[in-house]
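Report on the structure
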Amino acid sequence: MTNRFNGATAKLAQTMAIQPITWVSVTKAARGVLTTAQHTLTVFGLSAVAVIALLYGNPDLAKQFYQFVAPEPMPVAKIEAPAMTALMASPAAAVEAEEVEPTAHDKALAGTKKQQEFVTSWLSKRYRVAGDAANMLVSTAYLTASEMKLDPLLILAVMAIESRFNPFAESPVGAQGLMQVMSKVHKEKFQEMGGTQAALNPVANIRVGSQILKEYVQRGGSVEAGLKSYVGAAAFETDSGYGSKVLAEYQRLKQVARGKNVPIFTRPAPATMVADKAAPAAAPAPAAPAPKVEAPVVTDVSSEAIAGL
C-alpha cells in the first residue's frame, strides 16, 4: 500500500515538473492573492467602522479606550508641588530666604543711586542740561568723590557756581572747564591725562578740580577756607561771596538728595548780602541810602569776576 502511494506521488510530481509554467497560471495565482487581500481589508474596514460607531455611542467607553491606547504621562507639577510646599515651610528654606535679602551695602548702593537720580533730575532742570549729559556728570562726580573721600554734592555745587555745568566754559584769565581749573597753573596734574588740552574733558576736569579742592580744604582746615583758596582769594580778606554761593547750592543739593521738593528757580542774593555787610564801612551813616546803592554794583562786579576764576 505504501509503495503504491509513493509511486503515485512521485508520478504526480514528475508530471507537475514536466508541465510548463504559463502566463495564465501566473495570472490566476495573482488574482487569488489580490482577492484574498481585498477580503481581508474589507473585514478590517468593517470592524473599524463598527468600533468607531460603538465608541461614538458610548463616550465613557471611548475615554477608557483612549486612555488604554495613549495613557497620559504622570504630571511633574503635581509631584513637585507638595515637596516644594514642604521645602518652603522648612527652617532651611527660611534661612535661605534671609540670605537672599539685600545687605546693608546693597541698600546703601541703592540709596546712592536713588539720590543720584534726584540730583540729576534737579540739576538738569535747574541748569537746562540734557538728561543724559547731567547723568554722566553726576555719576562722574560721585565716582570721583568716592575715590578722593569728598562729598560729591560739594563737587557738584562748585561745578554749578563755576561753570553752570558748561564743560567748555573759559574765563578771561584762563580758567577752563566744569570746575574752572587753571590748567597752566596745575599742568602737572593733567600730565597723566594727556596734558593741559584735557582740561576741557569733563572727566579729567572733574578729577583735577576735585583734587585741587581737596588739597585746599586740607590745607585750610575747613570747607570755607578751601573754597576761599579755590577761588583765588586766600590772600584777601573776603572772597566776595563765592563761598556763600557754593555752600548755599550745596545745602540745596543735600535737600534734593534726601528727596525734598526744592524749587528749581531761586532768587539768592549773596552779592547784596556782602554789600550790606560792607556798607557800614563804606558809609558811616547807615541811614544814608546813597552809599548802599553804589556798594552792590562794585561788589557784585568783583564777585562775579572772582567767581569765574
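Residues numbered from 1 in each chain as written. Predicted model: local features only at pLDDT ≥ 70, side-chain atom pairs only at ≥ 80, totals over all residues. Heavy atoms only, no water.

**Things to note about the packing of helix α8 (residues 152-163) against helix α9 (residues 202-220)**
As a reminder, the rule being used: Only the stretch in contact is used when a helix axis is fitted, and all axes are lines through C-alpha atoms; the angle between N-to-C directions ranges over 0 to 180 degrees. The numbering of helices and of strands both runs from the N terminus, where a helix is a DSSP run of H or I of at least 4 residues and a strand a run of E of at least 2. Comment on the angle field: the value is read as roughly parallel under 35 degrees, roughly antiparallel over 145, roughly perpendicular from 65 to 115, and oblique elsewhere. Contacts were defined at the residue level, with two residues in contact if any of their heavy atoms lie within 4.5 Å.
Across the interface, α8 lies against α9 with an axial gap of 11 Å and an inter-helix angle of 110°. For the element pair α8 / α9, the angle class is roughly perpendicular. Between α8, through L154, I155, V158 and M159, and α9, the contact on the second element is made entirely by I206, S210 and L213.

**Section: the pattern of salt bridges**
To be explicit about the condition: Any Lys or Arg side-chain nitrogen located within 4 Å of an Asp or Glu carboxyl oxygen qualifies as a salt bridge. The buried label goes to any residue with under 20% of its type's maximum accessible area, the exposed label to any with over 50%, and the partly exposed label to all in between, with areas taken from a 1.4 Å probe on protein chains only.
Applying the stated rule across the entire model yields six salt bridges. Its salt-bridge partner being R207, residue E147 comes within 2.7 Å of it at the nearest N-O pair. Residue E147 is located in helix α7 (residues 131-148), and its partner R207 is located in helix α9; the two are separated by 60 residues in the primary sequence. E215 serves as the salt-bridge partner of K189, at 3.7 Å between the closest nitrogen and oxygen. Of this pair, K189 sits in the loop between β2 (181-182) and α9 while E215 sits in helix α9, and the two are 26 residues apart along the sequence. A relative accessible area of 13% places K189 in the buried class. A relative accessible area of 30% means that E215 is categorised as partly exposed. Through salt bridges with shared partners, one network takes in R126, E249 and R252.

**Comments concerning the nonpolar core**
Which entries qualify depends on this criterion: Grouping buried Ala, Val, Leu, Ile, Met, Phe, Trp, Tyr and Cys residues that are joined through side-chain atoms within 4.5 Å yields what is termed a nonpolar core.
Judged by nonpolar contacts, the single largest core of 45 residues is most densely connected at V119, L123, L156, M159, F165 and Y230. For this core, the secondary-structure elements that each account for two or more residues are α6 (104-126), α7, α8, α9, α10 (223-230) and α11 (242-257). Take this core: its biggest share by element is eight residues, from α8. Contacts of F165, omitting those with residues within four sequence positions, involve L123, Y127, V129, L137, L156, M159, A160 and L178.

**A short note on unusual backbone geometry**
The phi dihedral of R128 falls on the positive side, at around 55°, and the residue is not glycine. You can see R128 is positioned in the loop between α6 and α7. With a phi angle near 50°, Q180 is a residue other than glycine that sits in the positive phi range. The class of Q180 is buried, set by a relative accessible area of 6%.

**What to know about the side chain of Q116**
Its location among the elements puts Q116 in helix α6. With a relative accessible area of 17%, Q116 lands in the buried category. If near-sequence neighbours (up to four positions away) are discounted, Q116 is found in contact with V138, S139 and Y142.

**Concerning the side chain of T120**
Within the secondary structure, T120 sits in helix α6. Look at T120 and you get buried, because its relative accessible area is 9%.

**Focus: the environment of L200**
One can find L200 in the loop between β2 and α9. For L200 and S183, which are 17 residues apart along the polypeptide, the C-alpha to C-alpha distance reads 9.6 Å. Beyond its immediate chain neighbours, meaning those up to four positions away, L200 contacts P167, F168, A169, Q176 and G177.

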